[in-house]
Amino acid sequence: MPNAILEAKNFSAGYTYALFAPVDLNLFEGELVSLVGPNGVGKSTLLKSFAGILDPWSGELTLCGMSMENFTMRKRAQTVASVFTQERVPYGMSVREFISLGRIPYSGFLDARTEEDEAAIDKAIASVQLEKFVDRGVLNLSDGERSRVLIARAIAAEPKVLLFDEPTAFLDVPNILNLFRILKTMASERNLTVLLSTQHVDYALRFSDRIIGFDGKGFVREATPQEMNESGFLGWSCVE
Ligand code: ADP
Ligand code: MG
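Parameters and conventions
- Residues numbered from 1 in each chain as written.
- Chains lettered and ligands numbered in written order.
- Predicted model: local features only at pLDDT ≥ 70, side-chain atom pairs only at ≥ 80, totals over all residues.
- Heavy atoms only, no water.
- Pairing = 2+ DSSP bridges.
- Helix = DSSP H or I, 4+ residues; strand = E, 2+ residues; numbered from the N terminus.
- Axes fitted to C-alpha atoms, helices over the stretch in contact; angles between N-to-C directions.
- Contact = heavy atoms within 4.5 Å.
- Expected span 1.5 Å × (residues − 1).
- Buried < 20%, exposed > 50% of the residue type's maximum accessible area, 1.4 Å probe, protein only.
- Near = heavy atom within 4 Å.
- Polar contact = N/O pair within 3.5 Å; in protein donor to acceptor, adjacent residues only side chain to side chain.
- Areas by Shrake-Rupley, 256 points an atom, 1.4 Å probe, with all protein chains shown as cover.
- Nonpolar A, V, L, I, M, F, W, Y, C, P; charged D, E, K, R; others polar.
- Phe/Tyr/Trp six-rings, centres within 6.5 Å; stacked < 30°, edge-to-face > 60°.

Under an unreviewed UniProt entry, the name given to the protein chain is Iron complex transport system ATP-binding protein, and the source organism is Hallerella succinigenes.

Turning next to the sheet that holds strand 6 (residues 80-83). Here we have six strands laid out as an open sheet, ordered 6-7-8-3-9-10, and mixed in their pairing. A single partner strand is all that each edge strand has here, and the edge strands are strand 6 and strand 10 (220-223). Adjacent strand axes in the sheet meet at a mean angle of 15° when their direction is disregarded. Sheet topology note: the strand 9 (residues 210-214)/strand 10 ladder contains four bridges and is antiparallel. When the sheet's bridge partners are listed, I211 is paired in strand 10 with A223. Where helix 6 (residues 143-156) meets the sheet, its contacts fall on strand 6 and strand 7 (161-165), and the angle it forms with strand 6 comes to roughly 170°.

A few words on helix 6. Here helix 6 is 14 residues long and its end C-alpha atoms lie 20 Å apart, about the 20 Å a rise of 1.5 Å per residue gives. In terms of burial, helix 6 is largely enclosed, as twelve of its 14 residues are buried. Along helix 6, the positions that sit buried rather than exposed are G144, E145, S147, R148, V149, L150, I151, A152, R153, A154, I155 and A156. Close packing links the buried residues of helix 6 with strand 6, helix 3 (95-100), helix 5 (115-127), strand 7 and helix 7 (173-190).

Taken together, the neighbourhood of ligand 1 is formed by Y15, L19, P38, N39, G40, V41, G42, K43, S44 and T45. Backbone polar atom of G40 to an oxygen atom of ligand 1: 2.7 Å apart, as the coordinates give it. Measuring from an oxygen atom of ligand 1, one finds a side-chain N or O atom of T45 at 2.4 Å. Summarising the interface, the protein chains cover 57% of the accessible area of ligand 1, which totals 570 Å² for the free molecule. The class makeup of the residues in the shell around ligand 1 is four nonpolar, five polar and one charged.

With that settled, the discussion passes to the packing of aromatic side chains. This model, assessed by the stated rule, comprises four aromatic pairs. Ring centres of F20 and F214 lie 5.6 Å apart, and the angle between their planes is 90°; this geometry places the pair in the edge-to-face category. With a gap of 194 residues between them, F20 in the loop between strand 1 (4-12) and strand 2 (23-28) and F214 in strand 9 connect regions that are remote in the sequence. With a relative accessible area of 3%, F20 lands in the buried category. Exposure remark for F214: the relative accessible area of 2% places this residue in the buried category. Measuring from centroid to centroid gives 5.4 Å for F180 and F207, while their planes differ by 10°, and the two rings are stacked.

To continue, consider helix 1 (residues 43-51). Most of helix 1 is tucked away: eight of the nine residues are buried. Within helix 1, the full set of buried residues consists of K43, T45, L46, L47, K48, S49, F50 and A51. Backbone geometry just downstream of helix 1 places G52 in the positive-phi region, at approximately 80°.

Spelled out as structure tokens, the structure:
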């Protein structure tokens, strides 16, 4: 069994009430895991808790064997990188400049970048196939390109865990496929843990190592895509 990188015990998330019954969830090295379920069940809220932006409603989160509460902000940002749905890219930055923001957990806002920073940025750019776009204004991109730029910024931080909220929103089928392939390859080749939420359940079932499913009735469960599909937990099945 690979090492659990992120462990959630008795965990629930929410703002003014628990959005789902307490659950144990584990994320392992090198796996791609998808959060699927209807709108409003708490996928983004769970991701915020895992990113350390929002305290869990209940339970405890452990990152690399250490309680999340004991992480400094900088150390946590070096370990977990996230991209949320509402994020907008700023005016006046090139693709490369924007992706280099991912190095802030190492360099701070003002420090000059080291060779190591530049190498991490180059690697991030290559892993999402953006080499041709580095000098482009970050606003002058298609939806597919923009979503890869945001992902590259997170990868540039060289974290252990990557959290992506609805990275396939607004993408067409070829771009959805491309994105899942990129993330799957990245997870296995770099031994990273990728957790994403998506409404593209069919692709999530096809590409993910495991699924964290929300049934829309306040319950959350983790399972392999096949188990999830066959159990009917999500309220529907791909199997005729
Ligand atoms: P999902 O991502 O699964 O669509 P969310 O996690 O965004 O769902 O939202 C779960 C619930 O939390 C919703 O009922 C939503 O209205 C509520 N919610 C989301 N953001 C906030 C917030 N900042 N403050 C209070 N409630 C919120
Ligand atoms: Mg959401």
